[in-house]
There are 2 protein chains.
Amino acid sequence: MTETSNSRESGSSLFLGVDVGGTGIKMGVVDDAGQPLAMSRLDTLEDRGPEDALQRVYAAAQQLFEKNQLPWECLAAIGLGVPGTMDIPRGLILAPPNLPHWRNFPIRDRLAEIAGRPVAFANDANAAAYGEFWIGRGETCDSMIMLTLGTGVGGGVIVNGKCIDGSNSFGSECGHLLVDSREDARLCVWDGGQGQLEAYASASAVARRMHELLKAGEPSSLREGVADFESLTPLDLAVAADDGDELSLRIIAEAGRYLGIGIVTLVHVIDPGMVVLGGAMNFGGDEAPAGRYFLQAIKDEFRRRAFDVVRDTTEIAYASLGSDAGYIGAAGYARMSCS
Amino acid sequence: MTETSNSRESGSSLFLGVDVGGTGIKMGVVDDAGQPLAMSRLDTLEDRGPEDALQRVYAAAQQLFEKNQLPWECLAAIGLGVPGTMDIPRGLILAPPNLPHWRNFPIRDRLAEIAGRPVAFANDANAAAYGEFWIGRGETCDSMIMLTLGTGVGGGVIVNGKCIDGSNSFGSECGHLLVDSREDARLCVWDGGQGQLEAYASASAVARRMHELLKAGEPSSLREGVADFESLTPLDLAVAADDGDELSLRIIAEAGRYLGIGIVTLVHVIDPGMVVLGGAMNFGGDEAPAGRYFLQAIKDEFRRRAFDVVRDTTEIAYASLGSDAGYIGAAGYARMSCS
């Protein structure tokens, strides 16, 4: 493996990472050490279907190389992260809920045909986890779990450098671990799963919980500030919590508590040494009082329940790459597939 | 790798597996294909400490080879499974609860010194899981989870042929995943962990639950049959359940339900395709009505809660190697370490 400080001039391998989402596709060129060299974004235009999107991805990739004077011939492989459901060994996208026009499509092989490059195929959450593992918060780790807290809860479980894909390409689906066994446990807004982490610690769950409690008459500064409860987001809660709103703080602590419960189970089964929290639902993250309060609530519940062997040695921290983790990790999958 | 039908005569490699328990040590010679060729058992005599035990293991191993006319020079490596806590990379046994005189001992390297052979070191539950994976119920699988239901609940998580050891040698501790988040959730008799699988689906948990309900006056045939509630075992419940005792059936179903909850979480995170139930607490297993009733209760709860992607493709079955899984799996670890 070549190691140079400037891979553009040395002619060493470059990797393209493509992170497909329901509304946008983020793509970037990454060198052999994981450093991003250029990045661009295009609209998914979901209803035009996958063939159209792949053609536009290919054209955008060529432009990206050209514009940044990167040699196209150094593009060794492409990594493609897409949301599930999927069949990873066969390279198929099956029935992704947020890409309804992209069903049963051989996306890996079609992109390889169009681009004339080998394509590595991954679940989007697993790719993001791999990005954080490769050059982000987990870069010093051998194993790592990432929970991606967005509208839902995604996950990536990396053990000794490899992400757990699963026998049905359903591995690492940490949003669906059970954190509440009660008969009246909450239902996930996305899929109806009962008592699962996603129903307690996703942006939609938190917004719905706030909406419920405001409707029930709980006092909160958000009652006055927001005309329409339905449109509340975790960011509204973060702003209110930073101003000391008790109800917002209570809901943030509650979400943190359930995350702590879920993390105990994950750590007792995997013992990764590191748990990284990615995604937009971080109440401002390390930079904001509400974000730090959220992280502390998670850690408190974890420490209350975890075994002593893992309690003091497991780090829990916010991710460091933001929304770049997906394409960087996808590029990392491409690199792995070449070695 | 040599492949012959009779490795004893061909001079191909043999492996010794040693499975250390609190009262007994089971050991056996296994060929390159995982077939057991000879087996013996000795008392642990825990209070004499590990050095004494290793010397006796070595002497017993030599006798075992001699008695069965196996060539000692073909012994390529030894696999050693011991109960945690442990430091796998350093080969240390740390503070195993059921081996109180065996603390902080470099057991791997000491056995290697005594026997003049490389020694592979594993957690006993992980070794048993590997045995079932290698030549038992999971032999056709790439990944597999085994839950060992005994006085406690142990586990082994195998992903693509490798067991998850964990960053603190605490991986695969499936007995400690949370299945009950209520404030009054049950406590584990062994370690006080609250709401964890071991507090619901181990032999001790089941016996304690029966004891509680009999004391509370619930009708059961066990009330008349057993003079001392304290001495009840899962076998007593199995016998009573086979005769139609409603309370025994209820408790077996309850344990099964919590196991089903735990298995949903494990399958949503790992997606192994196969979950194997080992250990003595199986109410007679496939051979007995109570054992089949227990397995059905587990499967019903799993199917009620699992995602459709994994619901119909994940097999849940009793283990096939019984108590031989431990030494066979330890020998498998030895074989892996040589390849």
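Residues numbered from 1 in each chain as written. Chains lettered and ligands numbered in written order. Predicted model: local features only at pLDDT ≥ 70, side-chain atom pairs only at ≥ 80, totals over all residues.

1. A closer look at the overall build of chain A
Line of reasoning, step 1. In terms of regular secondary structure, chain A is built from 12 helices and 12 strands.
Line of reasoning, step 2. Relative to the 2.2 N^0.38 estimate, which gives 20 Å for 339 residues, the radius of gyration of chain A is 20 Å and therefore close to what a compact globule would have.
Line of reasoning, step 3. The dimensions of chain A, computed from C-alpha atoms along their principal axes, are 60 × 45 × 35 Å.
Line of reasoning, step 4. A burial count over chain A gives 54% of its 339 residues as buried.
Line of reasoning, step 5. Considering only intrachain contacts with a sequence separation of at least 6, the fraction spanning at least 24 residues in chain A is 63%. (Helix = DSSP H or I, 4+ residues; strand = E, 2+ residues; numbered from the N terminus. Rg over C-alpha atoms; globule rule 2.2 N^0.38 Å. Buried ≥ 20, exposed ≤ 12 C-beta atoms within 10 Å, placed from the backbone. Contact = placed C-beta atoms within 7 Å.)

2. Re the sheet that holds strand β11 (residues 274-278) of chain B
Residues and elements named next belong to chain B.
Line of reasoning, step 1. Taking strand neighbours across the sheet as the criterion, the 5 strands line up as β10-β9-β8-β11-β12 in an open arrangement whose pairing is mixed. Of all strands in the sheet, those with a lone pairing partner are β10 (162-163) and β12 (315-318), marking the two edges.
Line of reasoning, step 2. As paired elements, strand β8 (residues 144-149) and strand β9 (residues 153-159) share 6 bridges and run antiparallel to each other. The residue of β9 that forms the bridge with Met144 is Ile158. (Pairing = 2+ DSSP bridges.)

3. Regarding the nonpolar core
Line of reasoning, step 1. Residues A:Leu16, A:Val18, A:Leu80, A:Ile252, B:Val18, B:Leu80 and B:Ile252 are the most contacted members of the largest nonpolar core, which totals 221 residues.
Line of reasoning, step 2. Every residue in contact with B:Val18, bar those within four places of it in the chain, is listed here: B:Ile25, B:Met27, B:Val57, B:Ile78, B:Gly79, B:Leu80, B:Gly81, B:Tyr327 and B:Ala330. (Core = buried A, V, L, I, M, F, W, Y, C linked by C-beta atoms within 7 Å.)

4. Considering the environment of A:Ala319
All names here are of chain A.
Line of reasoning, step 1. Structurally, the position occupied by Ala319 is in the loop between β12 (315-318) and α12 (325-338).
Line of reasoning, step 2. Since 24 C-beta atoms lie within 10 Å of it, Ala319 is described here as buried.
Line of reasoning, step 3. Sequence spacing of Ala319 and Gly138 is 181 residues, and the spatial spacing of their C-alpha atoms is 8.4 Å.
Line of reasoning, step 4. Not counting residues within four places of it along the chain, the set of residues in contact with Ala319 comprises Glu132, Gly136, Arg137, Met146, Val276, Leu277, Gly278 and Ala325.

5. Quick word on the relation of the copies chain B and chain A
Put simply, the second copy of the chain is the first one after a rotation about an axis and a shift along it.
Line of reasoning, step 1. Of the transformation placing chain B onto chain A, the axial shift is 0.0 Å and the rotation is 180 degrees, giving an RMSD of 0.0 Å. Both copies are brought into coincidence by an operation consistent with a two-fold rotation axis.
Line of reasoning, step 2. When the interface residues of chain B are mapped onto chain A, 100% of them are again interface residues, pointing to one common binding face. (Least-squares fit on C-alpha atoms with pLDDT ≥ 70 in both.)

6. Re helix α8 (residues 234-242) of chain A
Because an α-helix completes one turn every 3.6 residues, residues spaced three or four positions apart along the sequence face the same direction.
Line of reasoning, step 1. Every buried residue belonging to α8(A) is among A:Pro234, A:Leu237, A:Ala238, A:Ala240 and A:Ala241, and all of these are buried.
Line of reasoning, step 2. A:Gly244 occupies a position one or two residues after α8(A) and carries a positive phi of about 90 degrees.

7. Description of the interface of chain B and chain A
Line of reasoning, step 1. Facing the 35 residues of chain B at the interface are 35 residues of chain A.
Line of reasoning, step 2. Looking at the side of chain B that touches chain A, the elements with two or more residues in it are β9, α9 (246-270) and α11 (308-311) of chain B.
Line of reasoning, step 3. Counting residues per element, the side of chain B that touches chain A draws most heavily on α9(B), at 7 residues.
Line of reasoning, step 4. Residues of the side of chain B that touches chain A, tallied by class, amount to 17 nonpolar, 13 polar and 5 charged. (Nonpolar A, V, L, I, M, F, W, Y, C, P; charged D, E, K, R; others polar.)

8. Focus on the pairing of strand β4 (residues 75-82) of chain B
Residues and elements named next belong to chain B.
Line of reasoning, step 1. Burial analysis of β4 places 7 of its 8 residues in the buried class, which makes it a mostly covered element.
Line of reasoning, step 2. Here strand β1 (residues 14-20) pairs with β4 via 6 bridges, running parallel. Opposite Phe15, over in β4, you have Ala77 as the bridge partner.
Line of reasoning, step 3. Note: β4 against strand β7 (residues 119-123), 5 bridges, orientation parallel. By the bridge assignment for β7, Leu80 is matched with Phe121.

9. Quick notes on the pairing of strand β2 (residues 24-31) of chain B
All names here are of chain B.
Line of reasoning, step 1. Within β2, 7 of the 8 residues are buried, leaving the element largely enclosed by the surrounding structure.
Line of reasoning, step 2. The sheet contact formed by β1 and β2 spans 7 bridges and is antiparallel. Paired with Asp19 across the two strands is Lys26, which belongs to β2.
Line of reasoning, step 3. Counted along the chain from β1 to the antiparallel partner β2, the turn is 3 residues long.
Line of reasoning, step 4. Of the pairings in the sheet, the one linking β2 to strand β3 (residues 36-43) comprises 7 bridges and is antiparallel in character. Bridging across to β3, Ile25 finds its partner in Leu42.
Line of reasoning, step 5. With antiparallel pairing between neighbouring strands as the criterion, β2 and β3 make up a hairpin whose turn holds 4 residues, including Gly34 at a positive phi of roughly 90 degrees.

10. Structural notes on the packing of helix α2 (residues 49-67) of chain B against helix α3 (residues 107-115) of chain B
Residues and elements named next belong to chain B.
Line of reasoning, step 1. At a minimum axis distance of 10 Å, the contact between α2 and α3 shows a crossing angle of 40 degrees. Between α2 and α3, the angle falls in the class oblique. In terms of crossing hand, the pair formed by α2 and α3 is right-handed. Residues Pro50, Leu54, Gln55 and Tyr58 of α2 pack against Ile107, Arg110, Leu111, Ile114 and Ala115 of α3.
Line of reasoning, step 2. By residue class, the composition of the contact of α2 with α3 is 7 nonpolar, 1 polar and 1 charged. (Axes fitted to C-alpha atoms, helices over the stretch in contact; angles between N-to-C directions. Parallel < 35°, antiparallel > 145°, perpendicular 65-115°, else oblique. Left-handed = near helix turned anticlockwise from the far one by under 90°.)

11. A short note on the sheet that holds strand β2 (residues 24-31) of chain A
Residues and elements named next belong to chain A.
Line of reasoning, step 1. The sheet built from 5 strands is open, its strands ordered β3-β2-β1-β4-β7 with mixed pairing. Looking along the sheet, the strands with just one partner apiece sit at the ends: β3 (36-43) and β7 (119-123). For this sheet the average axis-to-axis angle between neighbouring strands, irrespective of direction, equals 15 degrees.
Line of reasoning, step 2. Relative to the sheet, helix α2 (residues 49-67) contacts β1 (14-20), β2 and β3, its axis offset from that of β2 by approximately 40 degrees.

12. Considerations on the domain arrangement of chain A
One frequently used descriptor of interface size is the decrease in accessible area upon assembly of the parts.
Residue and element names in this part refer to chain A.
Line of reasoning, step 1. Split into domains, chain A comes out as domain 1 (7-132 + 323-338) and domain 2 (142-319).
Line of reasoning, step 2. A separation of 28 Å is found between the C-alpha centroids of domain 1 and domain 2.
Line of reasoning, step 3. Residue-level contacts link 11 residues of domain 1 with 13 residues of domain 2.
Line of reasoning, step 4. Residue contributions to the side of domain 1 that touches domain 2 peak at 6 residues, all from helix α4 (residues 124-135). (Domains from an automatic or database assignment.)

13. Structural notes on unusual backbone geometry
All names here are of chain A.
Line of reasoning, step 1. Going from Gly84 to Thr85, the amide bond is cis rather than trans, its omega being 15 degrees.
Line of reasoning, step 2. Following the sequence through the fold, Thr85 ends up in the loop between β4 (75-82) and β5 (86-87).
Line of reasoning, step 3. The phi angle at Gln69 is positive, at roughly 50 degrees, despite the residue not being glycine.

14. What to know about the confidence of the model for chain A
Residues and elements named next belong to chain A.
Line of reasoning, step 1. Model confidence for chain A is summarised by a mean pLDDT of 92, while 95% of its residues fall at 70 or above.
Line of reasoning, step 2. Long-range and interchain partners of residues 1-9, a stretch whose pLDDT sits below 50, account for 12 contacts in this model, where long-range means more than four residues apart.
Line of reasoning, step 3. Overall fold confidence (pTM) sits at 0.91, and the ipTM for the predicted complex is 0.90. (pLDDT = per-residue confidence, 0-100.)

15. Considerations on the environment of A:Gly171
Line of reasoning, step 1. Tracing the backbone shows A:Gly171 in the loop between β10 (162-163) and α5 (198-201).
Line of reasoning, step 2. On the neighbour-count criterion, A:Gly171 (26 C-beta atoms within 10 Å) is buried.
Line of reasoning, step 3. Put simply, A:Gly171 and A:Gly155 are 16 residues apart on the chain and 8.8 Å apart in space, counted from C-alpha to C-alpha.
Line of reasoning, step 4. A:Gly171 has contacts with A:Val157, A:Ile164, A:Asp165, A:Gly166, B:Ile270 and B:Asp271, leaving out every residue within four places of it along the chain.

16. Remarks on helix α9 (residues 246-270) of chain A
All names here are of chain A.
Line of reasoning, step 1. Between its first and last C-alpha, α9 extends 35 Å over 25 residues, near the 36 Å set by a 1.5 Å rise per residue.
Line of reasoning, step 2. The buried fraction of α9 is high, at 21 of 25 residues.
Line of reasoning, step 3. Looking one or two residues past α9, Asp271 carries a phi angle of roughly 50 degrees, positive in sign. (Expected span 1.5 Å × (residues − 1).)

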